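Here is how the chains run, residue by residue.
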Amino acid sequence: MPELAGRRRQIVEAVWRIAAERGLQMATIREIAAEADVTPRVVQYHFTDKHHLLVTALQTLHRDNEHRSRERIAALRDPSDPRVLLRATLEELLPLDEQRRTSLRVMTAYYAWSLTDPALAAVFLHQEHSLEDLVAALIKASGVRPSIDPAREADLLVGGISGLGLDLLHRRRTRANIRRTLDYHLNRILAQQP
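Residues numbered from 1 in each chain as written. Predicted model: local features only at pLDDT ≥ 70, side-chain atom pairs only at ≥ 80, totals over all residues. Heavy atoms only, no water.

*Asks:* Just give me the short version of the nonpolar core, but keep the residues and values in it.
*Replies:* Within the largest apolar cluster, 29 residues are counted, with the highest numbers of intra-cluster contacts made by Ile11, Val15, Leu24, Ile32, Val43, Leu53 and Tyr110. Breaking this core down by element, the ones donating at least two residues are helix H1 (6-22), helix H2 (29-36), helix H4 (50-74), helix H6 (98-114) and helix H7 (118-124). It is H1 that contributes the most residues to this core, eight residues altogether. Setting aside anything within four residues of it in sequence, one finds Ile32 in contact with Ile11, Ala14, Val15, Ile18, Ala27, Val43 and Leu53. Judged by nonpolar contacts, the second largest core, of 20 residues, contains Ile139, Leu157, Ile161 and Leu168. (Core = buried A, V, L, I, M, F, W, Y, C linked by side-chain atoms within 4.5 Å. Buried < 20%, exposed > 50% of the residue type's maximum accessible area, 1.4 Å probe, protein only. Helix = DSSP H or I, 4+ residues; strand = E, 2+ residues; numbered from the N terminus. Contact = heavy atoms within 4.5 Å.)

Printed below as a string of structure tokens:
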């Protein structure tokens, strides 16, 4: 899917603001149009229906998040060290800045909506586990302790960090607490460095 620009981007970003601030159930065509400062007719001109708009907004958010993540990871002091890359990849799931906080709020709104909307669930909960596969590969490259299954640990780390990210949004935990928890699990599964 090509990069969105102009009016389409303006409308998609309106969906994100509504989802983050009021929940996806409030994202009616009329509300989206008002938030984007366009008419409902303009929204309907650019998107065939509400489902098309919601799916496009979700896909654009995924693409934007991946682009920003790659930029942050490329800027690391030593992005070739698998342990550094593993930690940075997992920390990308945490709301550590305003962009990631908003993104997590939007993703949470989509997740909640997907529980009652099978068409959206089909898009939101695709069968691919590319993030878990990447984390498993990084665990393996970092050197694992004997008897550790990198794929199972990746499932637990991705799911656990995602949940801890929600706790950080709610201020139930601090960044320092989450980083200590992440360090604990990485130290548990990775072999000691020589």
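*Asks:* Which residues make up the side chain of Asn65, and what values do they have?
*Replies:* The topology assignment puts Asn65 in helix H4. Residue class for Asn65 comes out buried when judged on its relative accessible area of 17%. The contacts of Asn65, once residues within four sequence positions are left out, are Gln99 and Ser103.

*Asks:* Quick one: what's the story with a nonpolar patch on the surface, residue by residue and with numbers?
*Replies:* There is a patch of nonpolar side chains on the surface, built from Tyr111, Leu115 and Leu125 and spanning about 320 Å² of accessible area. Here Leu115 is to be found in the loop between H6 and H7. (Patch = residues over 30% accessible without salt bridge, like charges linked within 9 Å, V, L, I, M, F, W, Y side chains within 5 Å. Areas by Shrake-Rupley, 256 points an atom, 1.4 Å probe, with all protein chains shown as cover. Salt bridge = Lys/Arg side-chain N within 4 Å of Asp/Glu carboxyl O.)

*Asks:* Outline the environment of Ile139, supporting the account with residue identities and numerical values.
*Replies:* In this fold, Ile139 is placed in helix H8 (residues 130-142). As for Ile139 and Pro82, which are separated by 57 residues in sequence, their C-alpha atoms are 7.7 Å apart.

*Asks:* Kindly report on unusual backbone geometry, identifying the contributing residues and their values.
*Replies:* Of note in this structure, Ser147 is not a glycine but carries a positive phi near 75°. By the element assignment, Ser147 lies in the loop between H8 and helix H9 (150-169). Look at Ser147 and you get exposed, because its relative accessible area is 79%. Despite not being glycine, Arg171 shows a phi value in the positive range, around 60°. Among the secondary structure elements, Arg171 is positioned in the loop between H9 and helix H10 (175-189). With relative accessibility at 74%, the residue Arg171 sits in the exposed group.

*Asks:* Quick rundown of H4? Include the residues and the values.
*Replies:* The end-to-end C-alpha distance of H4 is 36 Å, a good match for the 36 Å that 25 residues give at a rise of 1.5 Å each. Within the sequence span of H4, burial applies to Leu53, Leu54, Val55, Thr56, Ala57, Leu58, Thr60, Leu61, Asp64, Asn65, Ser69 and Ile73. The opening residue of H4 is Asp49, an N-cap whose side-chain oxygen sits 3.2 Å from the backbone nitrogen of His51. (Expected span 1.5 Å × (residues − 1). Polar contact = N/O pair within 3.5 Å; in protein donor to acceptor, adjacent residues only side chain to side chain.)

*Asks:* Account for the pattern of salt bridges, with residues named and values stated.
*Replies:* Per the stated rule, a full pass over the model turns up 18 salt bridges. Measuring nitrogen to oxygen at the nearest pair gives 2.5 Å for the salt bridge that ties Arg9 to Asp64. Here the residue Arg9 occupies a position in helix H1, and Asp64 occupies one in helix H4, the gap between them amounting to 55 residues. Side by side, Arg9 and Asp64 carry an identical accessibility label, which is buried. Linking Asp167 and Arg172 is a salt bridge whose minimum nitrogen-to-oxygen distance equals 2.9 Å. Assessed through its relative accessible area of 13%, Asp167 is described here as buried. A residue is classified by how much of its surface remains accessible, and Arg172, at 60% relative accessible area, is exposed. Each member of the salt-bridge network shares a partner with another, and the members are Arg17, Arg22, Glu31 and Glu35.

In short, the description is geometric, and any link to function would need to be established separately.
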